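Notes for the structure review
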Amino acid sequence: MKKISILLLAVCSTAIFGQNVSDYKYISVPGKFQTFKNNSYGLEEYLSKALKNKSYMVLPASVDQWPSEAKDNSCNVVTADVLNDKSLFTNKVILQFKDCNNKVILESKGRSDIKEFEEGFPDALKQALVKVGVSSPKAMLPAQAQSSNVTHTVQTSSSETTTASSSVSTTTSNYSNGKSDLQKIQIDANQFILAKSGSSVPFAVFKTTSKKDVFIVKMADGNTTIGYFENGNIVIDIPQADGRYSKEVFAGK
């Protein structure tokens, strides 16, 4: 295996396989944006309406009212926030979206020359929303596993319509590096995750490349690296603080 060329492939593919807001179906919008102290000028309602127009499903404030695929795995949900970035003569906002690990996956700034707050802030938010693509969700992550042999059903959305969905059957198998027991959960033909046994929170997400059995790997800490199959085992090149990589082998059980 030509490690150097594969590593370059991983670096060049980070932008391709990085998370996008459009990968999500569900978005949580808080009842009040905290950086707007006394008046948020209807930005919560404005943002919710704009996101629905982009085919996202905006979740209600009560988690109990969430659909099961959102409630049973928070990593199927992205959280939106609007920050007050006002200057002396200009109304400005920062629109942020964070994943279940509180990592910012999109930050977009908007500004308006309209001086009145009631009109200026929504106008600034309108500008920031330009960078938010229409929802085109990937396969949903499964709910928490009940056993190692459980078959998960996840929902995927058609690229041609955001209201239709189909069930995709996914299976699990077990791997260990001697310190951690992980489950391999095959989401679809192009991606699988490794999750700690008994949990659906990903330890790592694997996406196929043009080379057979070689994957771009997104780690839980946000780092992107490579992984591959070797002698029936899953191998990940784990990034180290000094810039080097260590070989982590997860053997099938």
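Relevant structure appears above.
Cut-offs applied
- Residues numbered from 1 in each chain as written.
- Predicted model: local features only at pLDDT ≥ 70, side-chain atom pairs only at ≥ 80, totals over all residues.
- Heavy atoms only, no water.
- Phe/Tyr/Trp six-rings, centres within 6.5 Å; stacked < 30°, edge-to-face > 60°.
- Helix = DSSP H or I, 4+ residues; strand = E, 2+ residues; numbered from the N terminus.
- Disulfide = S-S within 2.5 Å.
- Buried < 20%, exposed > 50% of the residue type's maximum accessible area, 1.4 Å probe, protein only.

The subject of this paragraph is the packing of aromatic side chains. Tallied over the full model, the rule gives 10 aromatic pairs. Ring centres of F215 and F229 lie 5.3 Å apart, and the angle between their planes is 85 degrees; this geometry places the pair in the edge-to-face category. Residue F215 is located in strand β12 (residues 214-219), and its partner F229 is located in strand β13 (residues 224-230); the two are separated by 14 residues in the primary sequence. Taken together through their ring pairs, the aromatic side chains of F36, Y41, F117 and F121 make up a single cluster.

The subject of this paragraph is the state of the cysteines. For the coordinates displayed, the defined rule picks out 1 disulfide. The disulfide bridge from C75 ends at C100, spanning 2.0 Å between sulfur atoms. An S-S torsion of about 80 degrees defines the bridge between C75 and C100 as right-handed. A residue pair is termed long-range when its members are at least 10 positions apart, and C75 in the loop between α4 (68-71) and β3 (77-84) and C100 in the loop between β4 (91-98) and β5 (104-112) qualify at 25 residues. Looking at C75, the relative accessible area reads 10%, which means it is buried. Residue C100 is classed as partly exposed on the basis of its relative accessible area of 30%.

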